[in-house]
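# Chains, contacts and geometry: an overview
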2 protein chains.
Amino acid sequence: MNKELLAVAKGLKPADLVVTNGKIVNVYSGEIYDGGVAVCGDTIAAVGDVSYCIGEGTKIIDAEGKYITPGFLDGHIHPESSSLAMRPFAEGVLLHGTTGIMTDLHEVGVVAGLEGIEACLKEAEGTDLKVYFIVPSHVPFAPNLETSGGKFDPEIIRKALQRQDAVGLSECVGHYVLAEHPELLESIGDTLSMPGKTAQGHLPGIYGPNMAACAAAGITTCHESFCEQDVYERLRNGIHLQLREGSAARNMTLGLLQAVMKSGVDTANVSIVTDDLHTCDLKDRGHLDDALRTAFGQGLSFLKGIQFVTINAARAFQMENKIGSLTPGRRADINITTGAEDFKVLTTIAGGKQVTENGQLIVHYETPKHEPCLLNTVHFVNPITADSFKMKAPEGAKKVKVMCMDTLPYIPFTSRRDVELNVVDGVIQCDTEQDVLYIAQVERHGKNGNIGKAFMGGFHIKGGALASSVGHDNHNIIVMGDSFEDMALAVNRVAELGGGQVIVRDGKVAAEVAYPICGLMSDLSLDELAAQKKALNAVAYEMGTPIQIPFMFLCFICLACIEAYAVTDKGFIDVEKGEIIDPIVGVVE
Amino acid sequence: MNKELLAVAKGLKPADLVVTNGKIVNVYSGEIYDGGVAVCGDTIAAVGDVSYCIGEGTKIIDAEGKYITPGFLDGHIHPESSSLAMRPFAEGVLLHGTTGIMTDLHEVGVVAGLEGIEACLKEAEGTDLKVYFIVPSHVPFAPNLETSGGKFDPEIIRKALQRQDAVGLSECVGHYVLAEHPELLESIGDTLSMPGKTAQGHLPGIYGPNMAACAAAGITTCHESFCEQDVYERLRNGIHLQLREGSAARNMTLGLLQAVMKSGVDTANVSIVTDDLHTCDLKDRGHLDDALRTAFGQGLSFLKGIQFVTINAARAFQMENKIGSLTPGRRADINITTGAEDFKVLTTIAGGKQVTENGQLIVHYETPKHEPCLLNTVHFVNPITADSFKMKAPEGAKKVKVMCMDTLPYIPFTSRRDVELNVVDGVIQCDTEQDVLYIAQVERHGKNGNIGKAFMGGFHIKGGALASSVGHDNHNIIVMGDSFEDMALAVNRVAELGGGQVIVRDGKVAAEVAYPICGLMSDLSLDELAAQKKALNAVAYEMGTPIQIPFMFLCFICLACIEAYAVTDKGFIDVEKGEIIDPIVGVVE
């Protein structure tokens, strides 16, 4: 029991910090009223009229009549998608009022296992952002379809669940639950046997009896909702509805929020998450504050919006008693904001410490010495050359019909397009006129030297290659281009960087970003990294792509669980069948 | 993982039971829509259109277009106040749609310690009522002011918290928290260190900084609210508001519900509890169903009312993922009810088993062989005679001024009234003309033979004595009357019964009820016991009392924590001061 906290609450000892003269947004009572918040150490001591808490040594922050809200919580985010190491990531989101995130650090796990995740959690502890760990339920995501560096089995998951910061099991995939994947069911059982820990879901396209089965299995959240039916399907089955508004998928904006508002359903179990947030979006638009701006613009009430990113998010993790509200005894995560019309987070206090002031960061977290497990993670079994990417046609063929996968321009969902391609010296040729590029994934965990190959449309790139050591969910090196030589150069340059993203144009490296941490993340500041990534994107735009975030889309093309096709180090994947297939349909001539 | 449940949800195996053709009251989505519920074993498998779950061997219950709600939960009740042993108590509340209770069995603990409570929990396991154990935070309630049989210290509390059915710590008294009672703070700390367990509060009359301090200490609920200010004070501080509507205090009816409705506050953290429910109320009026009838009559919406006694109650214990809703994976606690206009629970399913049908109980729980610790619990150190109750006046006094405590007629709150009483042979005499009776409490745990004495008003009893081995919160024998002889006879008869309630009128036992279990509870059925208690009350009414439940009021006069006065085995108590005081103010002549 924190007796100092009680003394401050009772008025027997001055508070360390008091926010005064604001309008309290009380997410429990659903009211907004004048008042302030008193803080002792990292904890809220009193809320309301807290003038009695001010004394010698109390730091006073005048809210100047603005709103005082709880700090924001993102209940489902992969920080790795920001390409920022934990410390600059913390700086980046704190600036936008996010004081807590729930994350599985799954991408780090794919490369460096639990050891890597624990190293990143340790790095995050050196910041004022509170990181709650959701243990990955599956690494690799699709064991038979890809090669990963790290591996999670039920034993490792049990060990990870013992961590004090472990709040549940992440991304329990509905289709695996329905297939009664034994290791997943075992891990869900282990999780739910531990009081206070939840099984977080990943339930796209699941309806009726299948949704009942997922709920019956104990899954209580889902961030994979797209339409009005999804809203009903989740809330009626007791599944917390996480409206996703991230860089890779803006489901909230694209109809989901309107569905919630029109339906008139109880919103106690609705929150906003970002899932994947791109560096440039974080820099230019923000985080949950940006999602709220959009939501308020679509007519969501101020109070509900704040509830969506505070108490409701906490409720999805049974953590109401610790975070998500301006309540004595809770972590002192506090924002001062403007109202719904021109929403902006002005000042943020995280764990009792002021971290921003009038929209400016006033803290800086030093780059730590990274644990060795996080570094030097790119290892090829064989040298990579232009020949590595060549796909042979059937003996004697001059023209073949192949399956090309096309991505949509606004979300990396793929579909099949059959095209005819020429064969030169027995090798199938890409055709930029038809928007058909080579795409391949090169195993980089030093395990087997696999290279999977396929054909890609929708990117409209000409005259070079893009390569990236970020490639969901196995983080082998994905490379795409119209020249075998440029592809090899790009992949080798990524390896030289120890991981990163590279564009080769007409035989030369035209732009690059290094991700020395797991091949996923950079130690640059948000501003520096955003500048580099914008330069990278600018080259990709020049090469013809209409996709705003081409590398993030490219990273998702290797995801063996997103409809309808993918390429991994093992080959071209039919996602629905869960099988490796031959992209060659037949010989035309 | 329950694979049979998954198979039923998926439609691969017929459900054990299906409720069809109803209107689902979905407490998550806040909707009411047509559908049914499918059950596998003790768990809900699917909700909505569940016709696909019906197959060979499925028991079908036709809801005939009525409402289907989750089973009701009482988040704060002492079953001992019903005077029924656990099994007839379970029958009594199941008949009214209550499928789960949260209880500390504190009264049993006062008499027989943790051993007694564990024996009662074991007895309850033989029923379909789910009993969640909230570990008593203080036995005795006021260590310096009363003598109890059992005793709870932090070590025993830690042991009790380890039980799988232990969901938190009960009745953390605000004033003790504020006084930083070391053992209580230690136990709260122990509780909150265990994920999923909560510190339940008892916070009457606590406002402002004191309420902030209680919330800061980690207390998250309170059932002691009386007025509009209390509503705001709790909800704004993140304290779950338990509207009490029981036999001893009808706070919900008396303004609290109106305050909630008028305020327009978010009601996700509001539930209804009964705290103490008298045998005759349970028999004649019901349980939470009766509270809901009243609430609907006062204008509460049907959906909110159902939320108040289901999901919200579960939320107060962080148990949303287990109970409180019609959701796959939750305990199959299901009611079929009529609507708000003429509210009645028709049929109840508890843990998947149908226990009532059209308002009739269809189960019976056999009386168990009670553990020895629950029986023969009345032990006097000295014989009890008329002399035991005489209070001596100062030497030579003929008339004295004394403090008499008066109870209110509708709630057992006491206030001070100074009266002048005659002295005969050195003994102060009661005066029924002034409505001043003798009252005393006789220590009955065989520990010290204490007898505390005082004067009582408000009961308006004439011509005899009432005695009871139920006496909150020490359960010594409380006795009140206008004759020392009748008081002695009544107390001795209670002892002969092994505990119970007795009325002596003009030297003879006029009515009695035996409570062989801990001196608190009976093995009679609800119907039998209610008949006996009505006969007992009838005699008390004949003797002049205007109080509807005179014995329940009498039991509360020994409660050393309810304002403003009390009598315990140690003497007359000034509650605010927490001291034993002399009722004699001075000598008049």
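Residues numbered from 1 in each chain as written. Chains lettered and ligands numbered in written order. Predicted model: local features only at pLDDT ≥ 70, side-chain atom pairs only at ≥ 80, totals over all residues. Heavy atoms only, no water.

## So, the sheet that holds strand S11 (residues 219-222) of chain B
Residue and element names in this part refer to chain B. Within the open sheet, the eight strands sit side by side as S6-S7-S8-S9-S10-S11-S12-S13. Their pairing is parallel. Looking at which strands have only one partner, the edges of the open sheet turn out to be strand S6 (72-74) and strand S13 (270-273). With strand direction ignored, the average angle separating the axes of adjacent strands in the sheet is 30°. Here four bridges tie strand S7 (residues 98-103) to strand S8 (residues 130-136), and the two strands are oriented parallel to one another. Along S8, the bridge assignment pairs Ile101 with Val131. (Pairing = 2+ DSSP bridges. Helix = DSSP H or I, 4+ residues; strand = E, 2+ residues; numbered from the N terminus. Axes fitted to C-alpha atoms, helices over the stretch in contact; angles between N-to-C directions.)

## Concerning the sheet that holds strand S28 (residues 571-574) of chain B
Residues and elements named next belong to chain B. If you trace the three strands from one edge of the open sheet to the other, you get S27-S28-S29, paired in antiparallel fashion. What marks the edges here is a single partner per strand, and that holds for strand S27 (565-568) and strand S29 (579-581). Along the sheet, successive strands turn relative to each other by an average axial angle of 45°, direction set aside. With four bridges connecting them, S27 and S28 associate as antiparallel partners. Its bridge partner lying in S28, Tyr565 is registered against Asp574.

## A look at unusual backbone geometry
Each neighbour pair has its own omega, and for A:Val139 with A:Pro140 the value is -5°, a cis peptide bond. Mapped onto the elements, A:Pro140 comes out in the loop between strand S8 (130-136) and helix H4 (154-161). In the segment running from B:His472 into B:Asp473, the intervening peptide bond is cis, with an omega of -10°. Turning to its location among the elements, B:Asp473 is positioned in the loop between strand S23 (464-468) and strand S24 (477-481). At A:Cys518, a position not held by glycine, the phi torsion is positive, near 60°.

## With respect to the side chain of A:His78
All names here are of chain A. Position of His78 relative to the elements: it lies in the loop between strand S6 (72-74) and helix H2 (86-94). Under the relative-accessibility criterion, His78 is labelled buried at 5%. For His78, the side chain forms a polar contact with the side chain of His76, separated by 3.4 Å. There is a polar contact of 3.0 Å between the side chain of His78 and the side chain of Asp104. (Buried < 20%, exposed > 50% of the residue type's maximum accessible area, 1.4 Å probe, protein only. Polar contact = N/O pair within 3.5 Å; in protein donor to acceptor, adjacent residues only side chain to side chain.)

## Here's the deal with the interface of chain A and chain B
In this assembly, 50 residues from chain A lie in contact with 50 residues from chain B. In total, about 4,300 Å² of surface goes out of reach between chain A and chain B, with carbon and sulfur atoms giving 55% of it. Contact with chain B buries area across many residues of chain A, yet A:Met1, A:Lys10 and A:Arg236 alone supply 15% of it, more than any other trio. In this structure, A:Lys10 engages B:Glu180 in a salt bridge whose closest nitrogen and oxygen atoms are separated by 3.1 Å. Counting every contact that joins chain A to chain B gives 12 residue pairs in polar contact (both at pLDDT 80 or more). (Contact = heavy atoms within 4.5 Å. Buried area = accessible area lost by both parts, 1.4 Å probe. Salt bridge = Lys/Arg side-chain N within 4 Å of Asp/Glu carboxyl O.)

## With respect to the nonpolar core
One finds B:Val108, B:Val135, B:Met405, B:Ile439, B:Phe459 and B:Met480 to be the most contacted residues of the largest nonpolar core, which totals 117 residues. The leading source of residues in this core is helix H3 (residues 106-125) of chain B, at 10 residues. With 114 residues, the next largest nonpolar core counts A:Ile117, A:Ala212, A:Leu536 and A:Leu554 among its residues. (Core = buried A, V, L, I, M, F, W, Y, C linked by side-chain atoms within 4.5 Å.)

## A few points about the confidence of the model for chain A
Model confidence for chain A is summarised by a mean pLDDT of 96, while 100% of its residues fall at 70 or above. If you check the scores for this complex, the pTM reads 0.94 and the ipTM reads 0.93. (pLDDT = per-residue confidence, 0-100.)

## Points about the side chain of A:Arg234
Residues and elements named next belong to chain A. The residue Arg234 is located in helix H8 (residues 228-235) in this model. For Arg234, a relative accessible area of 0% translates into the label buried. For Arg234, the residues in contact, after removing those within four places along its chain, are Leu203, Pro204, Met211, Cys222, Glu224, Ser225, Ile239 and Leu241.

## Digging into the relation of the copies chain A and chain B
Rotating chain A by 179° and moving it 0.1 Å along the rotation axis overlays it on chain B with an RMSD of 0.2 Å. Both chain copies can therefore be described as sitting about a two-fold axis. Considering only C-alpha atoms, the residue of chain A closest to the rotation axis is A:Gly196, which sits at 2.4 Å. Looking at the interface residues of chain A, 100% of them are also at the interface in chain B, so both copies use one shared face. (Least-squares fit on C-alpha atoms with pLDDT ≥ 70 in both.)

## Things to note about the pattern of salt bridges
Using the criterion set out here, one finds 58 salt bridges over all chains in the structure. A salt bridge links A:Lys122 to A:Glu125; the shortest N-O distance between them is 3.9 Å. Here the residue A:Lys122 and the residue A:Glu125 both occupy positions in helix H3 (residues 106-125), the gap between them amounting to three residues, near one helical turn. Among the ionic pairs, B:Lys13 bridges to B:Glu4, the shortest N-O distance being 3.0 Å. What you see here is one network of salt bridges that share partners, running through A:Arg285, A:Asp289, A:Asp290 and A:Arg293.

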